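Chain and residue survey
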Amino acid sequence: MSVTIYHHPKCTSSLLALDLIRQAGIEPTIVEYLVTPPTREKLKELIAALGIKPRGLLRQNEKVFEKLNLADPKWTDDQIIDFMLKHPILINRPIVVTPKGTVLARPGDKVKPFLR
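Read on for a plain summary of the structure. Since the model is a prediction, treat every value here as computed from it, not as a measurement. (Residues numbered from 1 in each chain as written. Predicted model: local features only at pLDDT ≥ 70, side-chain atom pairs only at ≥ 80, totals over all residues. Heavy atoms only, no water.)

Direction of pairing for strand β3 (residues 95-98) relative to strand β4 (residues 101-104): antiparallel, over a ladder of four bridges. Along β4, the bridge assignment pairs Val-97 with Thr-102. The antiparallel hairpin formed by β3 and β4 contains two residues in its connecting segment. (Pairing = 2+ DSSP bridges. Helix = DSSP H or I, 4+ residues; strand = E, 2+ residues; numbered from the N terminus.)

Dropping the structure here:
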């Protein structure tokens, strides 16, 4: 099974999801998205696969979220994506892509049904 995880090694949810993937006998492709952010096209693809709006992927507890006033509903979907591309820390994680679907594994054990 081919699995990709958009991972942050200091995030407990991300570490748990990665551990569960490996416990299932799968060595995933690991994308440390703070080091190698997704392209605009890939980010839009992930958002579509998750079935959410871009705002649903925003990490709201980051300082940059407050600094940019991203809680304001004036921002369009494209603007939210622009902010995530410029500040990848705003992208919630981990995002796990499997043949069975794509999941925002927050908490990390949300990945389990996608590994069976």
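Once that is clear, we can look at the sheet that holds strand β2 (residues 29-32). Strand order in the open sheet formed by four strands is β2-β1-β3-β4, with mixed pairing between adjacent strands. Looking at which strands have only one partner, the edges of the open sheet turn out to be β2 and β4. Neighbouring strand axes in the sheet, compared pairwise and without regard to direction, differ in orientation by 15 degrees on average. Bridge count between strand β1 (residues 4-7) and β3: three bridges; the pairing is antiparallel. Within the sheet, the bridge partner assigned to Ile-5 lies in β3 and is Val-96. Sheet strands touched by helix α1 (residues 12-23): β1, β2 and β3. Its angle to β1, the strand with the most contacts, is close to 160 degrees. On the sheet, helix α2 (residues 40-50) packs against β1, β3 and β4 and is oriented at approximately 95 degrees with respect to β4. (Axes fitted to C-alpha atoms, helices over the stretch in contact; angles between N-to-C directions. Contact = heavy atoms within 4.5 Å.)

Now for the nonpolar core. Judged by nonpolar contacts, the single largest core of 21 residues is most densely connected at Leu-57, Leu-70, Met-84, Leu-90 and Ile-95. What Leu-70 contacts, discounting residues up to four positions off in sequence, is Arg-55, Leu-58, Phe-65, Trp-75, Ile-80, Phe-83 and Leu-90. Ranked by size, the runner-up nonpolar core spans 13 residues in total, among them Ala-17, Leu-18, Ile-26 and Val-103. (Core = buried A, V, L, I, M, F, W, Y, C linked by side-chain atoms within 4.5 Å. Buried < 20%, exposed > 50% of the residue type's maximum accessible area, 1.4 Å probe, protein only.)

With an omega of 0 degrees, the peptide bond between Arg-93 and Pro-94 qualifies as cis. With respect to the helices, strands and loops of the structure, Pro-94 is situated in the loop between α4 (77-86) and β3. Omega for the peptide link from Arg-106 to Pro-107 comes to 5 degrees, which places this bond in the cis form. Within the fold, Pro-107 resides in the segment after β4.

All right, on to the side chain of Thr-98 then. Note that Thr-98 resides in strand β3. Since its relative accessible area comes to 8%, Thr-98 is described here as buried. From its side chain, Thr-98 meets the backbone oxygen of Phe-114 in a polar contact 3.4 Å long. Leaving out residues up to four positions away in the same chain, Thr-98 has contacts with Ser-2, Val-3, Phe-114 and Leu-115. (Polar contact = N/O pair within 3.5 Å; in protein donor to acceptor, adjacent residues only side chain to side chain.)

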